[in-house]
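# Report on the structure
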Amino acid sequence: MNQFYNPLFLGKILKRYLIDVDRLDRISGESLRRYQDKQLRRLVRFADTVPLYHEKYKQAGVHISDIAGIDDLQKLPCITKDDFKRHYPNGIVSSKIKKSSLIEVSTSGTTGKVLPIYVDMLDIVMGLFAYIRTLHEYDMSVWKDRITIIGDFAPHTAESGYVTRGLQPRFNISGIFRNIQWLNTNDDPKKIVSAINEFQPAFIGGYVGMLGHLALQKESGFGDNISPRYIAATGSVLDPYLKLFIEKTFHAKVFEVYGATESGLIGFQCKKGSYHLMSDLVYAEFLRKGQPVASGEAGEMVITKFHSHGTPIIRYSAINDIVAPLDGHCSCGKTGALIKKVYGRNDLALYLPGGNVLLPSSFSEIYSKILYQLKTNKVKNTKIIQHDLTTLEIQVVIDEALRPIGPSVEEIFQFIKKGFEEKTGSAVTVTVKEVDSVDTSQGPRIVSMIDKKNYTIARYI
Ligand SMILES: [Zn+2]
């Protein structure tokens, strides 16, 4: 049976909508904690019906009755991508849930390692609510404002799972969400600009790279009618200068939204600029060598997602993001945890001499600068290969149609080389070369051959 025609399910969702969307604005720290404790107990009981978790907990000698709340979370073992892979497909879903009611999604193919997991309609609805929550923060509503969402609608992605395979077949989505325009970030930026220009949204949500391209298009005189009040950037680290460039070009405020396929939305920036976690939907830990880091220190994020009857996400350590938590409260009054900075993925890091680890936040700056300083989107693709501690090879694919326009290829290469050298120091040799294409199907865009087992991290850059 189609769950959305089931009045009980629909009622449950409506109730959740009314209760959940603005919860963080209403409740106290103590009642949030009680809520988290209750959610965790429920979640662990559910996970015990999932073979992967049942087995892991048995091996670790922990019983679900040992988990009374968040304080006991550390008793549970962390879950990795390999755990999911080993138990896929039947071992990562509950024996109590019909698999046909679930939707398979996988983490983005950009890293080369595709990981399938299952989500249910509750995941999808909560994901939508989390997004609506960020809109509420900026006094916007899906019912009265036009919203453009530029998602990754490649067939396997979470966005496709949520929208194309989840919402669309069950809802008359274009009827209910008349004000939402869904665009695909894999399309040509020119095509996207003209679609947005026609729709004239008050809000645009998209990936950092695509937003940069749009700003450049707008600056070159395309998209005169595009004047959103707010733009939400997601997917990777937003460099502050690129953010300024986008804000200036569109005369709009840009804020960041942070999420991952496995967890759904994790956090968002409020009007005051603080980065809030969706602490009623997820619980994040930030660890270094298994121990929590101090406020402001970079740590590996381990995530627990409260709502789902698909694949449970409990102490999942493989989003691989390095994030710094932040103690204290924001003056906006929202309850829940804060983070100071998202550094990016540590499996996409470069390992430099002296224990310095260069994270994506650092080299995204270099590529952002090509957009807002050199004013060109001639760099169509890139691959960064670290052969050893002191040798870095940067492969660049140039857009043939744009080759004769703007700064020369040589100028761009010098710019990239200098950008990396400033980060790596003089001990590292950086070569930049043009290639016809880069192979990202076999692995990530950033490849480090360094043996991480014998490498001691001193600090993250
Ligand atoms: Zn705030």
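Residues numbered from 1 in each chain as written. Predicted model: local features only at pLDDT ≥ 70, side-chain atom pairs only at ≥ 80, totals over all residues.

## Some remarks on the environment of Gly205
Counted only if it meets this: Think of it this way: any DSSP run of H or I at least four residues long counts as a helix, any run of E at least two long counts as a strand, and we number them from the N terminus.
With respect to the element layout, Gly205 can be found in strand 5 (residues 203-207). Residues Gly205 and Ser100, spaced 105 residues apart in sequence, show a C-alpha to C-alpha distance of 31 Å.

## Concerning the domain arrangement of the protein chain
Note the threshold: For the domains described, the bounds stem from an automatic or database domain assignment.
Along its sequence, the protein chain is carved into domain 1 (3-345) and domain 2 (349-460). Relative to domain 2, the C-alpha centre of domain 1 lies at a distance of 28 Å.

## So, the packing of helix 12 (residues 360-372) against helix 13 (residues 409-424)
When two helices pack together, their arrangement is given by the angle between the helix axes and by the axis-to-axis distance. Threshold: The axes are straight lines fitted to the C-alpha atoms, using for helices just the contacting stretch, and the angles between their N-to-C directions are given from 0 to 180°. Oblique is the label for any angle not covered by the other classes, which are roughly parallel (under 35 degrees), roughly antiparallel (over 145) and roughly perpendicular (65 to 115). We call a crossing left-handed when the near helix sits turned anticlockwise from the far one by less than a right angle, and right-handed when that turn is clockwise. Think of it this way: build a C-beta for each residue from its backbone, and any pair within 7 Å is a contact. Note that Gly is not counted as nonpolar here; it falls among the polar residues with everything else outside the nonpolar set of Ala, Val, Leu, Ile, Met, Phe, Trp, Tyr, Cys and Pro and the charged set of Asp, Glu, Lys and Arg.
Between helix 12 and helix 13, the shortest axis-to-axis distance is 10 Å and the interhelical angle comes to 155°. It follows from the interaxial angle that helix 12 and helix 13 lie roughly antiparallel. The chirality of how helix 12 crosses helix 13 is right-handed. Along its contact with helix 12, which presents Ser362, Phe363, Ile366, Lys369 and Ile370, the element helix 13 presents Ile412, Phe415, Ile416, Gly419, Phe420 and Lys423. Of the residues that constitute the contact of helix 12 with helix 13, the class distribution is seven nonpolar, two polar and two charged.

## Some details on the sheet that holds strand 5
In plain terms, the rule: Strands pair, by our definition, only if DSSP identifies at least two bridges between them.
Strand order in the open sheet made by the 12 strands is 4-3-5-6-7-8-9-14-13-12-10-11, with mixed pairing throughout. Because the sheet does not close on itself, it has two edges, and the strands there are strand 4 (180-184) and strand 11 (291-292). Across two bridges, the pairing between strand 12 (residues 299-305) and strand 13 (residues 321-326) is antiparallel. The partner of Gly299 across the bridge, within strand 13, is Val323. The sheet contacts of helix 10 (residues 208-219) involve strand 3 (147-151), strand 5 and strand 6 (230-234), and relative to strand 5 the element is tilted by about 120°.

## Quick notes on unusual backbone geometry
Cis rather than trans, the peptide bond between Tyr88 and Pro89 has omega equal to 0°. Along the chain, the position of Pro89 falls in the loop between helix 5 (81-87) and strand 1 (103-106). Of note, His251 is a non-glycine position whose phi angle comes to about 50°, a positive value. Position of His251 among the secondary structure elements: in the loop between helix 11 (240-250) and strand 7 (253-260). Positioned with a positive phi, Arg315 is a non-glycine residue whose angle comes to about 50°. Tracing the sequence through the fold places Arg315 in the loop between strand 12 and strand 13.

## Quick look at the pairing of strand 19 (residues 429-434)
Every other side chain in a regular strand lies on the same face of the sheet, so the side chains alternate between the two faces. To keep it simple, the criterion reads: If the strands point away from the viewer and the path from the first strand over the helix to the second runs clockwise, then the crossover is right-handed.
Pairing of strand 18 (residues 391-398) with strand 19, which is carried by six bridges, proceeds in the parallel orientation. Of the residues in strand 19, the one forming a bridge with Glu393 is Thr431. For the handedness criterion, the β-α-β arrangement of strand 18, helix 13 and strand 19 is classed as right-handed.

## Details of the sheet that holds strand 21 (residues 459-460)
Spatially, 15-16-21 is the arrangement adopted by the three strands of the open sheet, whose pairing is mixed. Bordering the open sheet on either side are strand 15 (350-351) and strand 21, each of which pairs with just one other strand.

## Concerning the environment of Thr429
With respect to the helices and strands, Thr429 occurs in strand 19. Beyond its immediate sequence surroundings of up to four residues, Thr429 is in contact with Thr390, Thr391 and Leu392.

## Examining the nonpolar core
Rule in force here: In this usage, the nonpolar core is the set of buried Ala, Val, Leu, Ile, Met, Phe, Trp, Tyr and Cys residues whose C-beta atoms join them within 7 Å. Counting other C-beta atoms within 10 Å of its own, a residue is labelled buried from 20 upward, exposed at 12 or fewer, and partly exposed in the gap between, with every C-beta atom placed from the backbone.
With 113 residues, the main nonpolar core has Ile231, Ile266, Val282, Ile303 and Ile314 as its most contacted residues. Take this core: its biggest share by element is nine residues, from helix 6 (residues 121-137). Summarising the domain contributions, this core has at least three residues from each of domain 1 (3-345) and domain 2 (349-460).

## Section: helix 7 (residues 158-170)
Put simply, the rule reads: Here the expected span of a helix is defined as 1.5 Å times the quantity of residues minus one.
Look at helix 7: 17 Å from first C-alpha to last across 13 residues, which is about the 18 Å you get at 1.5 Å a residue. The complete set of buried residues in helix 7 reads Ala158, Glu159, Ser160, Gly161, Tyr162, Val163, Gly166 and Leu167.

## Some details on helix 13
We apply this condition: Here the arc refers to the directions that run from the helix axis out to each C-beta atom.
An ideal rise of 1.5 Å per residue puts 22 Å on 16 residues; helix 13 measures up with 22 Å between its terminal C-alpha atoms. Every buried residue of helix 13 is listed here: Ile412, Ile416, Gly419, Phe420 and Thr424. Seen end-on, helix 13 carries its buried residues on one side only, within an arc spanning 125°. Turned more than 90 degrees from where helix 13 packs its buried face, Glu410, Glu411, Lys418 and Glu422 sit exposed. Buried residues along helix 13 sit against strand 16 (356-358), helix 12, strand 17 (379-388), strand 18 and strand 19. At the C-terminal side of helix 13, Gly425 shows a positive phi close to 85°.

## Concerning the packing of helix 9 (residues 189-199) against helix 10
Contact pair helix 9 / helix 10: the axes reach a minimum separation of 10 Å and the direction vectors enclose 70°. With respect to helix 10, the axis of helix 9 lies roughly perpendicular. Taken together, the residues of helix 10 that come into contact with helix 9 (itself represented by Pro189, Lys190, Ile192 and Val193) are Met210, His213, Leu214 and Gln217. Across the contact of helix 9 with helix 10, the residue classes break down as five nonpolar, two polar and one charged.

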